[in-house]
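# Per-entry structural report
Each chain, letter by letter, is given below.
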Amino acid sequence: MSLLKADYRFEKITDITAADLKSAGAKLVLLDADNTLSLHGSQEPACGVPEWIEEIKKEGFSLVIISNNSKSRIKPFAEKLGLPFVFKSAKPLPKGFKKASEKSGFGPGETAVIGDQIFTDVLGGKIFGAKVFLTEPLGPETDFFIKIKRKFEKFIR
Ligand SMILES: [Mg+2]
């Protein structure tokens, strides 16, 4: 069960401070996109997100977007925010996390994962060996399978 339990919980990503990330031992921060940085599938970052990214970068953290969504969804979004990215990351499998950490040169012990989903972000981050920050989803899910997963998540949250 501990693989499904986040280390830290916040309402939204912009509530997480550089000090929070430092106390988790993080140098690399892996960011989920859908319902964490923006509404599901939206190219428009949520309120305060671009400023939050600039602030966290300024504090010396490396940031990488890691998403199970497609290249056409993630590439323009990541470029708009000026961040490297991994698309179709297959979370919760470790391969996308490995790819993202290799991009930046930090290991799991120096990595924090931020995301809104237990069965992808939390489970994947914990399997990888990172610290996990769980946020509340920014909006409703549109994807049928995600809706089903959410029903199961309700028992765990
Ligand atoms: Mg998400």
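Relevant structure appears above.
Residues numbered from 1 in each chain as written. Predicted model: local features only at pLDDT ≥ 70, side-chain atom pairs only at ≥ 80, totals over all residues. Heavy atoms only, no water.

### Some remarks on the coordination of the magnesium ion
The line we're drawing: Distances decide who is a donor: an N, O or S atom must be within 2.8 Å of the metal, or within 3.2 Å for Na, K and Ca. Water is not included, so sites may look incomplete. A run of H or I in DSSP counts as a helix once it spans at least four residues, and a run of E counts as a strand once it spans at least two, with each numbered from the N terminus. The buried label goes to any residue with under 20% of its type's maximum accessible area, the exposed label to any with over 50%, and the partly exposed label to all in between, with areas taken from a 1.4 Å probe on protein chains only.
Taken together, the protein ligands of the magnesium ion are Asp 32 (OD), Asp 34 (O) and Asp 116 (OD), with distances of 2.1 to 2.2 Å. Counting gaps between the donor residues of the magnesium ion yields the pattern D-x1-D-x81-D. On the criterion of sequence distance, the pair formed by Asp 32 in the loop between β2 (28-31) and α2 (49-58) and Asp 116 in the loop between β5 (111-115) and α5 (118-128) is long-range, its members being 84 residues apart. Judged by its relative accessible area of 8%, Asp 32 falls in the buried class.

### Describing the nonpolar core
In plain terms, the rule: Note on terminology: a nonpolar core comprises buried Ala, Val, Leu, Ile, Met, Phe, Trp, Tyr and Cys residues joined through side-chain atoms within 4.5 Å. Here a residue-residue contact requires only that any non-hydrogen atoms of the pair lie within 4.5 Å.
Within the largest apolar cluster, 27 residues are counted, with the highest numbers of intra-cluster contacts made by Ile 13, Leu 21, Leu 31, Leu 37, Trp 52, Ile 65 and Ile 114. Those elements that place two or more of their residues in this core are α1 (18-23), β2, α2, β3 (62-66), α3 (71-81) and β5. Contact partners of Ile 65, with chain neighbours within four places excluded, come to Leu 31, Ala 33, Leu 37, Ile 74, Phe 77, Ala 78, Leu 81, Leu 83, Pro 84, Phe 85 and Val 86. With 17 residues, the next largest nonpolar core counts Leu 4, Ala 6, Ala 100 and Val 132 among its residues.

### Observations concerning the environment of Lys 22
Put simply, the rule is: Side-chain atoms alone can form a polar contact between residues adjacent in sequence; in general such a contact is a pair of N or O atoms within 3.5 Å, and within protein one must be able to donate a hydrogen while the other accepts it.
Relative to the helices and strands, Lys 22 resides in helix α1. For the pair Lys 22 and Lys 126, spaced 104 residues apart in the sequence, the C-alpha separation amounts to 18 Å. The contacts of Lys 22, once residues within four sequence positions are left out, are Glu 59 and Phe 61. At a separation of 3.4 Å, a polar atom in the side chain of Lys 22 contacts the side chain of Glu 59.

### Describing the packing of aromatic side chains
Defined as follows: Pairing of aromatic rings covers Phe, Tyr and Trp, the last through its six-membered ring, and needs centres within 6.5 Å; plane angles under 30 degrees mean stacked, over 60 mean edge-to-face, and all others mean tilted. Charge-over-ring contacts are defined here by two conditions on Lys NZ or Arg CZ: a distance within 6 Å of the ring centre and an angle within 35 degrees of the ring normal.
The tally for this structure, following the rule as stated, stands at 4 aromatic pairs. Seen from their ring centres, Phe 97 and Phe 128 are 5.6 Å apart, and the 20 degrees between their planes marks the pair as stacked. Residue Phe 97 is found in helix α4 (residues 94-104), and its partner Phe 128 is found in helix α5; the two are separated by 31 residues along the sequence. Considered together, Phe 97 and Phe 128 belong to a single accessibility category, that of buried residues. In this structure an aromatic cluster arises from ring pairing among Tyr 8, Phe 10 and Phe 133. Over the ring of Phe 77 we find Arg 73; its NZ or CZ atom is 4.6 Å from the centre of that ring.

From the geometry alone we can't say anything about function, so treat these as descriptive.
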